[in-house]
Amino acid sequence: MNEENYLETKKYRLLLEYSKPQENLFLKICGVEISTINKPFGPTIRAGYHLHAVLSGEGVLEVNGKSTAVHAGQLFVEKPGEMTYYEANRKQPWTYCWMAFDGPLAGYLMEQAGFVEGVNVKSSYVDMNEYYKIVDRLLNHAELSLAGGIKRLGYLYEFISLAIESNNMSENHRKTSSYSAETYINYAIDFIHNNYSSIKVADISNFIGINRSYFSTLFKNQVGISPRDYLYRVRLIKGAQLLNDTSLPIQNIAEMVGYENPLTFSKAFKSAYGVSPRYYRMQPEEERVILESI
């Protein structure tokens, strides 16, 4: 093990790759992070791609001002040119493994994994422990040698291949399913929870590939409320969580959950919770109204 490029503490294991970018795809850094509650990352603009696999716990990812809750069993990626920020949930801080990489092939591979423009979070159909096993093997081959570098590149390809395999499993499941109402709605709900801060109802129906009017009727019949009301309810629940778990300004929270106008957010919040966001935050936690999770 080479001490110059490998670091280990109780909270993380980390390997820095010093080799020059001579390949179509090359590793920059990888590791395993057991996040501390008060250790946010960013906001920053990354060079290259940073692909994370969340092994346990929860956190929040903010991309260009739009926030998405992330939990165990999901992947999230930081892309070059995007302003990103992320931090662990205070009550259930996450543990994740990750690899950072770049090269002419990197963007194409991330698209094949389903991380197309506007998508930074996806549920994994592959066991999360498989991602960890690859990172663990890579961290055990930190030697600065030609053989070590080749091994690490192989592990990088294997790590990304799992993300692509997961995306293919998702697509194949959709294509081979009976297209029942439950199937459509499950995909719609997953899409809403992963992208609530930046989507409209039309985006949801386009994602699952059915007519918007038919989708709205189907959704209401299955869930009991319209997709529009469901989306707004998710945003308000996420907003309440941020008010409870962070000290961020209310205007920032409004933007993070999809409201460009903080006044609109405040009115919607008061209608749902009975008090304004500001007063909600001032209340003792045991007195706060909790909307049922959906």
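Residues numbered from 1 in each chain as written. Predicted model: local features only at pLDDT ≥ 70, side-chain atom pairs only at ≥ 80, totals over all residues. Heavy atoms only, no water.

1. Some words on the overall build of the protein
Rules: Here a helix means four or more residues in a row that DSSP labels H or I, a strand means two or more in a row labelled E, and each is numbered from the N terminus. Buried means the residue's accessible area, taken with a 1.4 Å probe over protein chains only, is under 20% of the maximum for its type, while exposed means over 50%, and partly exposed covers the values in between. We call two residues in contact whenever any of their non-hydrogen atoms come within 4.5 Å of each other. Surface accessibility in these figures is a Shrake-Rupley result with a 1.4 Å probe; residues are shielded only by whichever protein chains are displayed.
The number of helices and strands found in the protein is 10 helices and 11 strands. Within the protein, the fraction of its 294 residues that count as buried is 46%. Of the contacts made within the protein by residues no fewer than 6 positions apart, 70% connect residues no fewer than 24 positions apart. If you sum the accessible surface of the protein, you get close to 14,700 Å²; carbon and sulfur atoms cover 50% of it.

2. Points about the nonpolar core
Basically, it comes down to this: Take the buried Ala, Val, Leu, Ile, Met, Phe, Trp, Tyr and Cys residues and link them wherever side-chain atoms come within 4.5 Å; each set so joined is a nonpolar core.
Ranked by size, the top nonpolar core spans 35 residues in total, and within it Ile192, Phe215, Phe265 and Phe269 carry the most contacts. Broken down by secondary-structure element, the contributors of at least two residues to this core are helix H4 (181-195), helix H5 (201-208), helix H6 (212-223), helix H7 (227-245), helix H8 (250-256) and helix H9 (262-273). Excluding its chain neighbours within four sequence positions, the residues that come into contact with Phe265 are Leu236, Gly239, Ile250, Ile253, Ala254, Val257, Tyr259 and Pro277. Core analysis: the next-biggest nonpolar cluster, separate from the first, contains 34 residues, Leu27, Ala53, Cys97 and Ile160 among them.

3. Things to note about the sheet that holds strand E9 (residues 83-88)
What counts is decided by this rule: Strands are treated as partners if at least two bridges between them are detected by DSSP. A fitted line through C-alpha atoms serves as each axis, taken over the contacting stretch for helices, and the angle formed by two N-to-C directions is quoted from 0 to 180°.
With respect to topology, 4 strands assemble into an open sheet ordered E4-E9-E6-E7, the strand pairing being antiparallel. Two strands in the sheet have a free side with no partner beyond their single neighbour: strand E4 (41-45) and strand E7 (66-71). Within this sheet the neighbouring strands show an average axis-to-axis angle of 15 degrees, counted without direction.

4. As for the packing of aromatic side chains
The geometry of an aromatic ring pair comes down to the distance between the two centres and the angle between the two planes. Rules: When two rings of Phe, Tyr or Trp (its six-membered ring) have centres within 6.5 Å they constitute a pair, described as stacked for plane angles under 30 degrees, edge-to-face for angles over 60, and tilted for the intermediate range.
Scanning the entire structure with this criterion turns up 17 aromatic pairs. Ring plane angle 70 degrees and centroid distance 6.0 Å describe the contact between Tyr96 and Trp98, whose orientation is recorded as edge-to-face. For Trp98, a relative accessible area of 10% translates into the label buried. Judged by centre distance (5.6 Å) and plane angle (80 degrees), the ring pair of Tyr131 and Phe159 falls under edge-to-face. Within this pair, whereas Tyr131 is found in helix H2 (residues 128-139), its partner Phe159 is found in helix H3 (residues 146-176), the two being separated by 28 residues in sequence.

5. Digging into the packing of H4 against H6
Helix packing geometry: the angle between the two helix axes and the distance between the axes. Formally: Orientation is classified from the angle alone, with under 35 degrees giving roughly parallel, over 145 giving roughly antiparallel, 65 to 115 giving roughly perpendicular, and any other angle giving oblique. Put simply, Ala, Val, Leu, Ile, Met, Phe, Trp, Tyr, Cys and Pro go in the nonpolar bin, Asp, Glu, Lys and Arg in the charged bin, and everything else, Gly too, in the polar bin.
Where H4 meets H6, the closest approach of the two axes is 10 Å, and the angle between their N-to-C directions is 95 degrees. Taken together, H4 and H6 sit at an angle that is classed as roughly perpendicular. Each of Ala181, Glu182, Tyr184, Ile185, Ala188, Ile189 and Ile192 in H4 lies in contact with H6, whose residues at this interface are Phe215, Leu218, Phe219, Gln222 and Val223. Classifying every residue of the contact of H4 with H6 by side-chain character gives 10 nonpolar, 1 polar and 1 charged.

6. A few points about the environment of Gln92
Among the secondary structure elements, Gln92 is positioned in the loop between E9 and strand E10 (95-102). Its relative accessible area of 44% is what places Gln92 among the partly exposed residues. Taking C-alpha positions, Gln92 is 5.0 Å from Gly57, a pair spaced 35 residues apart along the chain. Apart from the residues within four sequence positions on either side, Gln92 is in contact with Gly57 and Glu58.

7. Thoughts on unusual backbone geometry
Backbone torsion omega between Gly42 and Pro43 reads 5 degrees, so that peptide bond is classified as cis. One non-glycine residue, Asn64, lies in positive phi territory at about 50 degrees. Here Asn64 shows up in the loop between strand E6 (58-63) and E7.

8. Quick notes on the confidence of the model for the protein
Selection criterion: Per-residue confidence from the predictor is reported as pLDDT, which spans 0 to 100.
Put simply, the protein has an average pLDDT of 85, and 87% of its residues get 70 or more. Looking across the protein, the model is least confident in strand E1 (residues 6-8), with a mean pLDDT of 63, and most confident in strand E5 (residues 49-56), with 96.

9. Some points on the side chain of Arg152
As a reminder, the rule being used: The term polar contact refers here to a pair of N or O atoms within 3.5 Å; inside protein, the definition further demands a hydrogen-donor-capable atom paired with an acceptor-capable atom, and it admits residues adjacent in sequence only when both atoms are side-chain atoms.
Topologically, Arg152 is positioned in helix H3. At a separation of 2.7 Å, a polar atom in the side chain of Arg152 contacts the main-chain carbonyl oxygen of His141. Setting aside its immediate chain neighbours within four residues, Arg152 contacts Leu15, Glu17, Leu27, Leu138, His141, Ala142, Glu143 and Leu144.

10. Concerning the packing of H4 against H7
As a reminder, the rule being used: Helix crossings get a hand from a simple test, with the near helix turned counterclockwise from the far one by less than a right angle marking a left-handed crossing and a clockwise turn marking a right-handed one.
Two numbers describe how H4 lies on H7: the axes approach to 10 Å, and their chain directions differ by 35 degrees. Crossing of H4 over H7 shows right-handed handedness. For the pair H4 and H7, the contacting residues are Ile189, Ile192 and His193 in the first and Tyr230, Leu231 and Val234 in the second. For the contact of H4 with H7, the per-class residue count stands at 5 nonpolar, 1 polar and no charged.

11. Let's talk about the environment of Ala142
Mapping Ala142 onto the fold places it in the loop between H2 and H3. Exposure remark for Ala142: the relative accessible area of 0% places this residue in the buried category. When the C-alpha atoms of Ala142 and Leu14 are compared, they prove to be 9.8 Å apart, with 128 residues separating the residues in sequence.

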